[in-house]
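Understanding the architecture of this molecule
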Amino acid sequence: MINSSHLCRRMQHLCGFMLANLRYLYESIRFFLFRFHRFIVLRTNLFLLQVLYFISLSSFGCLVLKCLKPRTHGSFGPTSLDLFFTSVSTVTVSSMSTVEMEVFSNTQLIVITLLMFAGGEVFTSMVGLHLRRYRMRMLLKTEDKVASVESDLSIRSLNLRDALDGVELGLTEKTQSFGPYDCEYLRYRSIGLLGAVVLGYLVVVQVLGVAMVSIYLGFVSTARDVLRNKGLNMLTFCVFITVSTFARCGFVPTNENMIVFRNNSAFLLILIPLILLGSTLFPSCLGFCLWVIHKFRTKAETSYLLRNTSEIGYLHLLPSLHSRLLVATVLGLIGIQFVIFSAMQWNSKAFGGLGPSEKAIGILFQCVNSRHTGETIVDLSTIAPAMLVLFVFMMYLPPYTSFLPVNGDGERSHATAGKRLKIQGKITESLVLSQLSYVAIFIITICITERDKMKEDPLNFSVLNIVVEVISAYGNVGFTTGYSCKRQLKPETGCTEKWFGFAGRWSDQGKIILIIVMFFGRLKKFNMNGGRGWKLL
């Protein structure tokens, strides 16, 4: 009996010791995970996060596309490299293609739509805003500190509104000085509001776009017949084309891109605003939305956002003056392209069979797409070389390029995001090349990998066509001159015309280099200040 009680006590002590150790182990693991999570959230470089995001999303998209059955005839099917190329092109919203779009099944088109949505600039920037807000929350000592501040929100909001209500947005005077905690909390709330506005903008514009495209296809039988003849689901097409256009990707579920809809001028007019709202005019429209919210529902957060755009550090939030100048620049560049394109191509074979109004709308659509969407209603290989050079220049320009002066407090560098990538050491910083230098290196490298084809097929593999393809990938545009069997100097037996990009005829090495170019172009905002260590005298 004594031995039994003694054994029970020993077992109790042993169990207690094990529980204490397990509790200690649990607390240690919890503390380690908390510190690791805090390190990842607070210390990880934004550039590295985006690199991992785009590579992981591209790899996942390739895996899913490979698991799904394509809609192909016979034994033909896209290779693993072509699927990865397509996935990268989708995630980086480049719309470069090495396979025909009608190869993909309806399920694969849905996957591509999701990849375009997740890779779009508006969506990724919104995720970045929420990540910044979460980081600010992590910087607060405890969750109770945030809760205590939020419980005191009514008093603080009244104080802030009283201080800001008497100040007009256009004035340059400073607002009433608050403590550092008040400023940090106001910034925290402002970023949260900005993220909500961007989310609302993203959802509303695309829902309206899907509705307008659906209504058009429901009333216009010629456009609806195109989908029926190609076996495309109408709802899938409406969502696909809206997401692709707004995300400035440029993929279209048809092999011919938008060439099959070039007679549908109203359809093109529906897509033009989507292109502008999701790309070059997004900052101006975002600023206008904040201004409207401030006018009809005055809040301290909107005042702070409109007055402190540089402090927010959001690339797409520009000062009021800069936003207006950006609109003027975008419209001016479109106008220049329209005049030159009309003068050179109005009576060309590319616009054969179109009336004057259809030509004007088609040219306008083509010029808007050169920055940075890539949908096209003409075969670019048939237009004048001078227009190709003009398109190369437009594709190279960053989306928020403004040639008009912005001085004083309104000055805003488009490389705000790039400054976050801190380059350690003066020597390393001096070795960083400019964007144009990297593009030149990519072009030279591809000319080396495709040198044999450039000798055997010089009309298709011309330097200009390679430049167009590389700049299009760098600008994440998607314009391509394609490949034509008719341009072969030595006709190849069994050569068939395919509706995919020029890169589809490149070697595997050339395709891999172009994949790198697409990633580089998608992340070029982090290196917009490169090349300052190099002086040309």
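Residues numbered from 1 in each chain as written. Predicted model: local features only at pLDDT ≥ 70, side-chain atom pairs only at ≥ 80, totals over all residues. Heavy atoms only, no water.

Filter applied, for reference: UniProt positions are given in the numbering used here, feature names are shortened, and annotations may be inferred rather than shown by experiment.
In the annotation of an unreviewed UniProt entry, the entry for the chain reads Probable cation transporter HKT7 isoform X4, and the organism field reads Punica granatum. UniProt, in its Sequence similarities (unreviewed entry) section for the chain, records the words "Belongs to the TrkH potassium transport family. HKT (TC 2.A.38.3) subfamily." On record in UniProt, under Subcellular location (unreviewed entry), the comment for the chain is "Membrane".

A word on empty space enclosed by the protein
The criterion, for reference: Buriedness for pockets is judged along seven lines, at least five of which must meet protein on both sides within 12 Å for an open set on the 1 Å grid over protein atoms alone, while cavities are sets there where a 1.4 Å probe fits but cannot get out, and lining residues have an atom within 4 Å of a point. Grid points are joined across faces, edges and corners, and a volume is the space filled by probe spheres set on the points. Each residue is assigned to one of three groups, with Ala, Val, Leu, Ile, Met, Phe, Trp, Tyr, Cys and Pro labelled nonpolar, Asp, Glu, Lys and Arg labelled charged, and all others, Gly among them, labelled polar.
Scanning the model with the defined rule gives 5 cavities of 30 Å³ or more in all. Here the largest cavity defines a volume of roughly 210 Å³. Together, 14 residues line the largest cavity, and Arg248, Leu315, Pro399, Lys524 and Lys525 are the ones closest to its centre. When its residues are assigned to classes, the lining of the largest cavity shows 5 nonpolar, 4 polar and 5 charged.

A few points about the packing of aromatic side chains
For any pair of aromatic rings, the description rests on two quantities: the centre-to-centre distance and the angle between the ring planes. What counts here: Here a pair means two rings of Phe, Tyr or Trp (six-membered ring of Trp) with centres within 6.5 Å. Their orientation is stacked below 30 degrees between planes, edge-to-face above 60, and tilted elsewhere. Comment: elements are numbered from the N terminus, with helices defined as DSSP H or I runs of at least four residues and strands as E runs of at least two. Buried residues are those whose accessible area, probed at 1.4 Å on protein chains only, stays under 20% of the maximum for their type, while exposed residues exceed 50% and partly exposed ones sit between those limits.
Tallied over the entire structure, the rule returns 19 aromatic pairs. Summarising the aromatic geometry, the rings of Phe341 and Phe351 are spaced 5.7 Å apart at their centres and angled 75° between planes, so their arrangement reads as edge-to-face. With Phe341 in helix α15 (residues 320-345) and Phe351 in the loop between α15 and α16 (356-369), this pair connects stretches of sequence that are 10 residues apart. Each member of the pair, Phe341 as well as Phe351, is classed as buried. Plain terms: the ring middles of Phe341 and Phe391 are 5.8 Å apart, the flat faces sit at 55° to each other, and that makes the pair tilted. Taken together, the residues span a long stretch of sequence, with Phe341 in helix α15 and Phe391 in helix α17 (residues 385-396) at a distance of 50 residues. Across the pair, exposure class does not vary: Phe341 and Phe391 are buried alike.

Let's talk about the environment of Phe246
Here is the rule we go by: Whether two residues are in contact is decided by their heavy atoms, any of which lying within 4.5 Å being enough.
Tracing the chain through its elements places Phe246 in helix α10 (residues 234-246). Using a relative accessible area of 2% as the deciding quantity, one classes Phe246 as buried. For the pair Phe246 and Ile272, spaced 26 residues apart in sequence, the C-alpha separation works out to 9.6 Å. Beyond its immediate chain neighbours, meaning those up to four positions away, Phe246 contacts Val122, Tyr201, Leu202, Val205, Gln206, Leu274, Leu277 and Gly278.

Examining the packing of α15 against α17
Short version of the rule: Axes here refer to lines fitted to C-alpha atoms; in helices the fit is confined to the stretch in contact. Angles between the N-to-C directions go from 0 to 180 degrees. Angular relationships are summarised with four words: roughly parallel below 35 degrees, roughly antiparallel beyond 145, roughly perpendicular across 65 to 115, and oblique for the angles in between. Left-handed describes a crossing whose near helix is turned anticlockwise from the far helix by less than a right angle; the clockwise case is right-handed.
Where α15 meets α17, the axes come as close as 10 Å, and the angle between the chain directions of the two elements is 165°. By the angle between their directions, the pair α15 and α17 is classed as roughly antiparallel. Pair α15 / α17 crosses with left-handed handedness. Residue-level contacts link Leu333, Gln337, Ile340, Phe341, Met344 and Gln345 of α15 to Ala386, Met387, Leu390, Phe391 and Met394 of α17.

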